[in-house]
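# Fold and geometry: a report
Residue strings, one per chain:
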Amino acid sequence: DVKVTQSSRYLVKRTGEKVFLECVQDMDHENMFWYRQDPGLGLRLIYFSYDVKMKEKGDIPEGYSVSREKKERFSLILESASTNQTSMYLCASSLNNSPLHFGNGTRLTVT
Amino acid sequence: QKEVEQDPGPLSVPEGAIVSLNCTYSNSAFQYFMWYRQYSRKGPELLMYTYSSGNKEDGRFTAQVDKSSKYISLFIRDSQPSDSATYLCAMSGGDTGFQKLVFGTGTRLLVSP
C-alpha cells in the first residue's frame, strides 16, 4: 500500500511566520503534489513536482513555494503566513499516468 | 460556472439502499475520471478510476461515464454505515494525464443503520 505521510496533523502559526509543511512518500513515485482544500471550493492545486528539483505552478501558487531535494520528500513553504492561508493542506504522490494517492492532511490555522 | 459541478448534499439514505452520486462537467477534453472517498479528518482515498466512457465495477461500487452528456456517476449497492463519507469526483484531460486534476467539491453521504 502507498503511504504518503504528512509530518503534522494540526498546526497553528502567527501571521508573518515562515511555515514549512513536510510530506514523504515511500513508493518511489515520480510525481508529488500539494493541494489545499476549502469548504465550497474543493481541492485546488498549489504546486506539483515531476522529478527531483523540478516543480510546476498549479492554479494557486501565490504566497507559496516548494522544495524537492529528494525523490521521496516534497515540502510546501509559506513565506509569510497570512490568515487567508488557513486551510487543510493535502500532499499526494503518483507514478506517471496513474491516479494520485493522498496523505491525511495538515490543518493549518494562521492567527 | 465551475468546470466540475457536484451537489454537496448531505444525501441521507437507510442502510441497504442503492446510492447514486453524480458529477457534471463542461470540458469535453476530460478523459480520466476518478472517484475518491474522504472520511472526516482524513485524506481522500482513491475508489475507482476510468478512462474515457463506459462502466467499471468493483464489488459494491460501479462507476459510469457518459461523455456525450458530460456526466459521471458512482453507484453504491447495499450501502453500509461505513460508507458514510464525502465522495469527490475528479477528472483531467488526456494531454495532462493525472497531473492537472479538477475536483468537484464533494457530496456528503450519510448511511443510517
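A brief report on the enclosed structure follows. Keep in mind that this is a model prediction, so the values were computed, not measured.

Let us look at the overall build of chain B. Secondary structure summary: chain B contains zero helices and eleven strands in total. For chain B, the N- to C-terminal ordering of α and β elements is β-β-β-β-β-β-β-β-β-β-β. Its C-alpha atoms give chain B a radius of gyration of 13 Å, near enough to 13 Å, the size a compact globule of 113 residues would have. Seen along its three principal axes, the alpha-carbon backbone of chain B occupies a region of about 45 × 25 × 25 Å. Within chain B, the fraction of its 113 residues that count as buried is 42%. Restricting to contacts in chain B with at least 6 residues of sequence separation, those with at least 24 account for 56%. A total accessible area of about 5,300 Å² is found for chain B, and carbon and sulfur atoms account for 47% of it. The averaged location of the 11 negative side-chain charges in chain B is 5 Å from the averaged location of its 11 positive side-chain charges.

A few words on the side chain of A:R68. All names here are of chain A. By the element assignment, R68 lies in strand β7 (residues 64–70). Despite its burial, R68 pairs with no opposite charge; the closest candidate is D51, at 5.9 Å N-O. Within the local environment of R68, its side chain forms a polar contact with the side chain of S49, the two groups lying 3.0 Å apart. Within the structure, R68 has its side chain in polar contact with the backbone oxygen of K71 (distance 2.7 Å). With near-sequence residues (within four places) excluded, R68 lies in contact with Q25, H29, E30, N31, M32, S49, Y50, D51, V52, K53, R73 and F74.

With that settled, the discussion passes to the packing of aromatic side chains. Tallying each qualifying case throughout the model produces eleven aromatic pairs over all chains. Ring geometry for A:Y35 versus A:F102: centroids 5.8 Å apart, planes at 55°, classification tilted. Here the residue A:Y35 occupies a position in strand β4 (residues 31–38), and A:F102 occupies one in strand β10 (residues 101–102), the gap between them amounting to 67 residues. By the burial criterion, A:Y35 is buried, and A:F102 matches it. Over the aromatic face of B:Y49 sits the side chain of B:K56, whose NZ or CZ is 4.9 Å from the ring centroid.

Turning our attention to the sheet that holds strand β6 (residues 54–58) of chain B. Residue and element names in this part refer to chain B. Judged by pairing direction, the sheet is antiparallel, and its five strands sit side by side in the order β1-β3-β8-β7-β6 without closing on themselves. Strands with a single pairing partner mark the edges of an open sheet, and in this sheet they are β1 (4–5) and β6. In the sheet, strand β3 (residues 19–25) pairs with strand β8 (residues 71–76) via six bridges, with the strands oriented antiparallel. Its bridge partner being in β8, S20 is matched across the sheet by F75.

Calculation rules
- Residues numbered from 1 in each chain as written.
- Chains lettered and ligands numbered in written order.
- Predicted model: local features only at pLDDT ≥ 70, side-chain atom pairs only at ≥ 80, totals over all residues.
- Heavy atoms only, no water.
- Helix = DSSP H or I, 4+ residues; strand = E, 2+ residues; numbered from the N terminus.
- Rg over C-alpha atoms; globule rule 2.2 N^0.38 Å.
- Buried < 20%, exposed > 50% of the residue type's maximum accessible area, 1.4 Å probe, protein only.
- Contact = heavy atoms within 4.5 Å.
- Areas by Shrake-Rupley, 256 points an atom, 1.4 Å probe, with all protein chains shown as cover.
- Lys, Arg positive; Asp, Glu negative; His and termini not counted.
- Charge placed at Lys NZ, Arg CZ, Asp CG, Glu CD.
- Salt bridge = Lys/Arg side-chain N within 4 Å of Asp/Glu carboxyl O.
- Polar contact = N/O pair within 3.5 Å; in protein donor to acceptor, adjacent residues only side chain to side chain.
- Phe/Tyr/Trp six-rings, centres within 6.5 Å; stacked < 30°, edge-to-face > 60°.
- Lys NZ or Arg CZ within 6 Å of the ring centre and 35° of its normal.
- Pairing = 2+ DSSP bridges.

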